[in-house]
Amino acid sequence: MILKDLSVPILFIIVILLFIITVPSGVLDVMLAVNIMLSAIILLNTIQTNDTLGLTIFPTLVVITTVFRLSLNVSTSRLILGGVSPGRVVESFGEFVGGGNLVVGALVFLMITLVNFLVITKGSERVAEVAARFTLDAMPGKQMAIDADLNSGLINEQEARMRRQKIQKEADFYGAMDGASKFVKNDAIAGILLTLLNIIGGLILGIVLYEMAPMDAVQKYTILTIGDGLVSQLPALMVSVATSFIVTRSGASDKNVSQDLYAQIFGSPKVLYIAAGLSFIVSFFLARVPFLLLSAVLAFLGYALSRRIAKESIQEEVEIEENEAEEIRKPENVVSLLQVDPIELEFGYGVIPLADASQGGDLLDRVVMIRRQLALELGMIVPIIRLRDNIQLAPNEYVIKIRGVETAQGELMLDQYMAMNPGFVEEAVDGIQTIEPAFGMPATWISENQRERAETLGYTVVDPPSVIATHLTEVIKKFAHELLGRQEVQTLVDNVRQSNPALVDELIPKLLGLGEIQKVQANLLKEGVSIRDMVSILETLADYGNVTHDTDMLTEYARQALGRAISSRFIADDNNSILTLDPALEQTILESIQRNDAGAYISLEPQATNSIIGNLTRQIQKIAQIGKTPIVLASPVVRLYFKRLTEQVFPGLVVLSYNEIDPTLEIQAVGMVNM
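Residues numbered from 1 in each chain as written. Predicted model: local features only at pLDDT ≥ 70, side-chain atom pairs only at ≥ 80, totals over all residues. Heavy atoms only, no water.

Take the overall build of the protein next. When its secondary structure is counted, the protein shows 24 helices and 14 strands. Of all 675 residues assigned to the protein, the portion counted as buried reaches 41%. Here the contacts in the protein between residues at least 6 apart in sequence split such that 76% fall between residues at least 24 apart. Carbon together with sulfur atoms contributes 60% to the accessible area of the protein, which is approximately 36400 Å² in total. (Helix = DSSP H or I, 4+ residues; strand = E, 2+ residues; numbered from the N terminus. Buried < 20%, exposed > 50% of the residue type's maximum accessible area, 1.4 Å probe, protein only. Contact = heavy atoms within 4.5 Å. Areas by Shrake-Rupley, 256 points an atom, 1.4 Å probe, with all protein chains shown as cover.)

As structure tokens, this is what we get:
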């Protein structure tokens, strides 16, 4: 393990030493052999890999091998120019490749160098550059596709996270390959320049310093320089080919190069038969024996492949029949039918274009934004929103379901826009009268050519996808307390644990259980209070958890801790919509509170209840006439029970306690509720 950790630092120490000290030729032979075999191993790995991300270290590997190869080149050049033998590896390459002929050796070296530099290196550099640009350009679209699959329920959170990580790795990999390809290109250029320097420097040193005959100097230094160049160019060629394999591999394939080559080039018997016939015809005009032999081989391969395909087809049919028979014999698996989606959006076939990205629909993107918006606004993780078409619905109708139960529905006109009067526009627009589904406001469906005029008059104009998105958002807000289960609370608690482990460990399970925390948070969400500040909520529960386990009382304590957030959420700057409770009414409510094992509840005479509701109705109507939303202020001990008393008649009524009001706000009541 220690050797693995130190291998790269040791290698770079060796590289630095190779640049500055003279290495014995025997040691240099070993290093040159290691360089050649290391390049061969890299090339074989790129051929055998099934996935480019399986070699994410490749760009770094290119840098390491390039620097190592250049350091060896410098060391061999130092020995050659110093009149010392550079080792048997360099000498053998120079003698073997050229066959003792200087001109042949020089031409072979030139050919290898030109092929590596002009064809392989330049081609891989261009492919790497294009692949990096296309990969980065495609990232937003891939991310949106993952979000769409996640929101439609095709994948879960874990698989979405894995896909996002893979996309990020691909972008990082191809970006690094774009830079690494420049190393490969410049390495080829450096090899050419070093070779020229060796030849020129060797001739000068041999003739001037060592007083050698010109032809002897040419023979000695050129052969050694060619051998040195070939020793460097051969590993460089292998690394360049490996780079080309990596950057040209398709990310869609899960096979290595050999398997893809066989499956895609030699996978069709018809193609092999045609090629065999063509080879047979060509044999009459060119060399007969090679083309006739090749024709026979291709025909045999086509025959063997067609037999194998027919056999696999029969086996596949038998397996399908056996599986179908087994499915018939097996009892029906109904477990999957028991799953109930937390949130469903069903729509008729006429609404499908809004959800189909290929037809320009952006409903899936809007669903993603809804989940993000509600996470910021309510502080909860909204479950996956399932989108599905339903042929039983009218073409332009949609239905929103919460836990399998229909809670809202609406109807759209896809080629129209919905125009809503904010209250101050007097001039009407022509269109089809309707009701805005989210808030129940009067609205009008207008054509596209009327849109500009309606906006000029002051109407709020929205398109059909916005109508659905707004309606869906309001429904989720309304039923947020039902969508928050123990598993969702556990996720939120785990998130807090990362930054506040002491708080979570003190509270759960020593003081309160997960179910009690879930009930407190559900109570907050039911009245539109955000639970995003989880730390403050859990701190408050930890303070009062040893005093009471009554979740209603704990909710009131949590509301008081969130006072500033509640004030900014519900109370406007002009504060002219505040109603207070008559002290006599509060006393009556306190005296009517009954407690039992199930908790506390309010018990009033029906006549008293009707009187309170009637007076509250009149006060609300007065405030509504000036276009304001009424807010009722009560003492902390009465707030909860007054809310329960009135929520059946006024479900959206905001009831706050004095302890929840930001002390910096100046409150002025415009009315009082009494009996």
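This part is about the nonpolar core. Grouped together as the largest cluster of nonpolar side chains are 69 residues, with contacts concentrated most on Met380, Ile476, Leu507, Leu538, Leu541 and Leu656. With sequence-adjacent residues up to four places away left out, isoleucine 476 is seen in contact with Ile343, Ile370, Leu374, Val382, Ile385 and Leu483. Core analysis: the second largest hydrophobic core is formed by 22 residues, Ile593, Tyr641, Phe650 and Val673 among them. (Core = buried A, V, L, I, M, F, W, Y, C linked by side-chain atoms within 4.5 Å.)

Remark: a regular strand shows side chains that alternate across the two faces of the sheet. Here strand β3 (residues 397-402) lies mainly inside the structure; six of its six residues are buried. In β3, alternate side chains face the same way, and those of Glu397, Val399 and Lys401 on one face and Tyr398, Ile400 and Ile402 on the other are all buried. When strand β1 (residues 343-347) meets β3, the two strands line up antiparallel, connected through five bridges. For leucine 345, the partnering residue across the bridge sits in β3 and is isoleucine 400. In this structure, β3 lies alongside strand β4 (residues 405-411), joined through six bridges in antiparallel fashion. Bridge pairing in β4 links valine 399 to glutamine 409. What sits between the antiparallel neighbours β3 and β4 is a turn of two residues, in which arginine 403 has the positive phi angle 55°. (Pairing = 2+ DSSP bridges.)

This part is about the pattern of salt bridges. In the structure shown here, the tally under the stated rule is 17 salt bridges. Taking the shortest distance from any N to any O, the salt bridge between aspartate 341 and arginine 388 comes out at 3.5 Å. Placement of aspartate 341 in the loop between α10 (288-329) and β1 and of arginine 388 in strand β2 (residues 385-389) is noted, with a sequence separation of 47 residues between them. For aspartate 341, a relative accessible area of 11% gives the class buried. Each of Glu527, Glu556, Arg559, Arg639 and Glu660 takes part in one network of salt bridges that share partners. (Salt bridge = Lys/Arg side-chain N within 4 Å of Asp/Glu carboxyl O.)

This part is about the side chain of arginine 559. Along the chain, arginine 559 turns up in helix α20 (residues 551-561). Here the side chain of arginine 559 touches valine 655 through a polar contact of 3.5 Å, landing on its backbone oxygen. The residues contacting arginine 559, other than those within four sequence positions of it, are Leu524, Glu527, Val529, Ile566, Arg639, Val655, Leu656 and Glu660. (Polar contact = N/O pair within 3.5 Å; in protein donor to acceptor, adjacent residues only side chain to side chain.)

What follows concerns helix α21 (residues 563-570). The set of residues buried in α21 consists of Gly563, Ile566, Ser567 and Phe570. Angular distribution of buried residues about the axis of α21 spans 100°; they occupy a single face of the element. Those residues of α21 that are exposed and angled more than 90 degrees off the buried face are Arg564 and Ser568. Those residues of α21 that are buried are in contact with α20, β12 (631-634) and β13 (654-657). (Arc of directions from axis to C-beta.)

Mean pLDDT over the protein works out to 76, with 70% of the residues at or above the 70 mark. Helix α8 (residues 257-265) is the least confidently modelled element of the protein, averaging 63 in pLDDT, while β3 averages 90, the highest of any element. (pLDDT = per-residue confidence, 0-100.)

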